[in-house]
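# Chain and residue survey
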Amino acid sequence: VQLQAFGGGLVEAGGSLRLSCAASGGTFSGMGWFRQAPGKEHEFVASISWSGLVDFADSVKGRFDISRDNAKNTMYLQMNSLKPEDTAVYYCGVDGSIAKVRAGTPRYWGQGTQVTVSS
């Protein structure tokens, strides 16, 4: 199983970015995004089940949206109204269990993509 995440970059506060995560080598019920800022713990950002049920961290509700294209085995994270505190390395994770994704323990992880929001 391989996960390839891309789409990070540098953006000004209030701007938008769209992250993508392409999975190969399997199909997964649960897919999700996580992030880790310097000096902080790894945290859950959002998850989506095969049927499209979504869940978000309180810190991103109303600003971020998660979606997936099952035919392409790809997940997306649309990030709007970005804040400097959203600066982090963003990781995608997948698992056969959406519960494990929501718990922050997906079996497979992608490499991170850096998101930097300037004030």
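The structure this text deals with has already been given above.
In what follows, the accompanying structure is described. (Residues numbered from 1 in each chain as written. Predicted model: local features only at pLDDT ≥ 70, side-chain atom pairs only at ≥ 80, totals over all residues. Heavy atoms only, no water.)

### Let's talk about the pairing of strand β8 (residues 74-79)
Of all six residues in β8, five are buried; the element is thus mostly enclosed. Taken together, the six bridges between strand β3 (residues 17-24) and β8 define a ladder with antiparallel strand orientation. The partner of serine 20 across the bridge, within β8, is tyrosine 76. (Buried < 20%, exposed > 50% of the residue type's maximum accessible area, 1.4 Å probe, protein only. Helix = DSSP H or I, 4+ residues; strand = E, 2+ residues; numbered from the N terminus. Pairing = 2+ DSSP bridges.)

### Section: the side chain of threonine 113
Counting through the fold element by element, threonine 113 comes out in strand β11 (residues 113-118). Among the polar contacts listed, one links the side chain of threonine 113 to the backbone nitrogen of glycine 8, at a separation of 3.1 Å. Not counting chain neighbours up to four residues away, the residues in contact with threonine 113 comprise Ala5, Phe6, Gly7, Gly8, Leu19, Ala88, Val89 and Tyr90. (Polar contact = N/O pair within 3.5 Å; in protein donor to acceptor, adjacent residues only side chain to side chain. Contact = heavy atoms within 4.5 Å.)

### So, unusual backbone geometry
Here asparagine 73, not a glycine, exhibits a phi torsion of approximately 55°, which is positive. Within the element layout of this structure, asparagine 73 appears in the loop between β7 (64-69) and β8. Residue class for asparagine 73 comes out buried when judged on its relative accessible area of 11%.

### With respect to the packing of aromatic side chains
Counted according to the given criterion, the structure contains three aromatic pairs. Among the aromatic residues, those joined into a cluster by ring pairs are Phe34, Phe44 and Trp109. The residue whose ring lies beneath arginine 18 is tyrosine 76, and the NZ or CZ to ring-centre distance is 4.1 Å. (Phe/Tyr/Trp six-rings, centres within 6.5 Å; stacked < 30°, edge-to-face > 60°. Lys NZ or Arg CZ within 6 Å of the ring centre and 35° of its normal.)

### Here's the deal with the sheet that holds β3
Read from one edge of the open sheet, four strands run β1-β3-β8-β7, paired in antiparallel fashion. Only two strands of the sheet have a single partner each, and these edge strands are β1 (2-6) and β7. Going across the sheet, the axis of each strand differs from the next one's by a mean of 15°, ignoring polarity. Strand direction decides the pairing type here: β7 and β8, joined by six bridges, are antiparallel. For aspartate 65, the partnering residue across the bridge sits in β8 and is glutamine 78. (Axes fitted to C-alpha atoms, helices over the stretch in contact; angles between N-to-C directions.)

### Looking at the environment of glycine 26
Tracing the chain through its elements places glycine 26 in the loop between β3 and β4 (30-36). On the basis of relative accessibility, which here comes to 23%, the residue glycine 26 falls in the partly exposed class. Distance from glycine 26 to valine 94, taken between C-alpha atoms, is 9.8 Å for residues 68 residues apart in sequence.

### A word on the environment of serine 20
Secondary-structure assignment places serine 20 in strand β3. For serine 20 and tyrosine 76, which are 56 residues apart along the polypeptide, the C-alpha to C-alpha distance reads 4.5 Å.

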